[in-house]
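If you want the building blocks of each chain, they are given just below.
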Amino acid sequence: VTREFMGRAREGSRNREAYKEEMYEGSLAGGVLVLVEALTDNPRRTAPKVRHLFKEGGGALGAAGSAAWAFQRRGLLRVQGISSDNEALIEAALEAGAQDVEEDSAAHLEADDGPCAAVFCEPNELAAVRATLSARGFEASEAAILFVPSTTAEPAAGLREAAESALLALEEMEDVEGIWHNLAP
């Protein structure tokens with residue numbers, strides 16, 4: 001190994017950006033609770049931006065646990081192309097350890113493969129449930145870990161607009177990977 005190669009390797013490792021996962025919690029106008037998952041190379045840049053957007057949305061960035069208490073972490077598998085009363089999917093999912101199977105009307109509108117189902121499970125069971133469903137002929141089009149709110153907030157019109165505006169601005173941030181909130185649809 002030449003000195004030139006070693007020098008380039010050392011320089012490359014110095015320049016390599018180290019990304020860190022951050023979870024921000026807080027509230028917006030009207031009591032809307034929000035979790036923001038970010039992947040950032042500079043938390044000192046990201047945190048003030050998130051804090052500012054929470055403040056613009058009529059709320060505040062909170063400490064760890066200030067909003068997480070209102071959310072349940074769940075695994076989600078979306079299965080497309082099923083019949084609307086597919087007992088075989090429900091049976092396979094429940095045998096695999098799933099907690100719930102629901103019709104997924106939002107995914108159905110986007111899909112060309114017919115009705116869709118949302119299969120919910122514990123996050124640590126996601127891979128096992130997906131493998132079992134696949135073995136039974138049900139392929140998941142999407143797999144994700146979500147934070148599902150236990151309650152919803154329904155702020156007045158003016159407060160709702162402020163909260164929606166802040167949520168949109170948070171979604172547009174480069175470092176933000178996911179946003180979960182309890183704003184009623």
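Conventions used here
Counting of residues starts from 1 at the beginning of each chain's written sequence and follows it residue by residue. Reporting of local features is limited, given that this is a predicted model, to residues whose pLDDT is at least 70; pairs of side-chain atoms are given and counted only at 80 or more, and all residues count toward the totals for whole chains, interfaces and linings. Side-chain measures were taken over the full set of non-hydrogen atoms in the model, leaving aside hydrogen atoms and water. Going along the chain from the N terminus, every DSSP run of H or I of four or more residues is numbered as a helix, and every run of E of two or more is numbered as a strand. Relative accessibility thresholds used throughout: buried, under 20% of the residue-type maximum; exposed, over 50%; partly exposed, between the two (1.4 Å probe, protein chains only). Computed by Shrake-Rupley with a 1.4 Å probe, the accessible areas treat only the displayed protein chains as cover when residues are assessed. Two strands make a pair as long as DSSP finds a minimum of two bridges between them. Between the N-to-C directions of two axes lies an angle of 0 to 180 degrees, each axis being a line fitted to C-alpha atoms and, for a helix, fitted only over the stretch in contact. It only takes one pair of heavy atoms within 4.5 Å for two residues to be counted as in contact. Working rule for helices: expected span equals 1.5 Å times residues minus one. Think of the arc as the fan of directions from the helix axis to the C-beta atoms. A pair is scored as a salt bridge if a Lys or Arg side-chain nitrogen falls within 4 Å of a carboxyl oxygen belonging to Asp or Glu.

Draft legend 1. Representation of the overall build of the chain within the structure. When its secondary structure is counted, the chain shows 6 helices and 8 strands. Along the chain direction, N to C, the helices and strands of the chain fall in the order α-β-β-α-β-β-α-β-α-β-α-β-α-β. Expressed as a percentage of its 185 residues, the buried residues of the chain come to 37%. When the accessible surface of the chain is split by element, carbon and sulfur atoms take 49% of a total near 11000 Å².

Draft legend 2. Main features of the sheet that holds strand 6 (residues 116-121). Spatially, 4 strands are ordered 5-6-4-7 in an open sheet, and the strand pairing comes out antiparallel. Only two strands of the sheet have a single partner each, and these edge strands are strand 5 (100-103) and strand 7 (140-149). Mean inter-strand twist for the sheet, computed between neighbouring axes without regard to direction, equals 25°. Where strand 4 (residues 71-80) meets strand 7, 9 bridges bridge the pair, whose relative direction is antiparallel. Paired with Val79 across the strands is Ala140, a residue of strand 7. Its contacts with the sheet put helix 3 (residues 87-96) on strand 4, strand 5 and strand 6, and the angle it makes with strand 5 is roughly 150°. Of the strands in this sheet, strand 4, strand 6 and strand 7 touch helix 5 (residues 126-135), which is tilted by about 20° from strand 4.

Draft legend 3. Main features of the sheet that holds strand 3 (residues 60-62). With antiparallel pairing, the 4 strands of this open sheet are ordered in space as 3-1-2-8. In this open sheet, the two strands that pair with only one neighbour each are strand 3 and strand 8 (176-181). Averaged over all neighbouring strand pairs, the angle between strand axes comes to 30°, with direction disregarded. Pairing between strand 1 (residues 20-28) and strand 3: 3 bridges, direction antiparallel.

Draft legend 4. Region of interest: helix 6 (residues 157-171). Taking 1.5 Å of rise per residue, 15 residues should cover 21 Å, and helix 6 covers 21 Å from first to last C-alpha, within 8% of that figure. Buried within helix 6 we find Ala163, Ala166, Leu167 and Leu170. Projection of helix 6 onto a plane perpendicular to its axis shows the buried side chains occupying an angular sector of 100°, all on one side. Within helix 6, the exposed residues directed more than 90 degrees away from the buried face are Ala157, Gly158 and Glu161. Of the surrounding secondary structure, the elements contacted by the buried residues of helix 6 are strand 1, strand 2 (32-40), helix 2 (43-56) and strand 8.

Draft legend 5. Examining the environment of Phe147 more closely. Within the secondary structure, Phe147 is located in strand 7. By relative accessible area, which is 17% here, Phe147 ends up buried. In the structure, Phe147 is positioned 76 residues away from Phe71 in sequence and 5.5 Å away in space, judged by C-alpha atoms. Look past the residues within four positions of Phe147 in its chain and what remains in contact with it is Met23, Leu35, Phe71, Gln72, Arg73 and Trp180.

Draft legend 6. Up close: the pattern of salt bridges. For the structure on display, the rule yields 6 salt bridges. Where Asp41 meets Arg45, a salt bridge forms, and the shortest distance between an N and an O atom there is 3.1 Å. According to the relative accessible area criterion, Arg45 is partly exposed, its value standing at 29%. Where Asp175 meets Arg45, a salt bridge forms, and the shortest distance between an N and an O atom there is 2.6 Å. Taken together, the positions of Asp175 in the loop between helix 6 and strand 8 and Arg45 in helix 2 put the pair 130 residues apart, joining distant regions of the chain. Because the salt bridges share partners, they merge into one network encompassing Asp41, Arg45 and Asp175.

Function-wise, these values are silent; they only describe arrangement.
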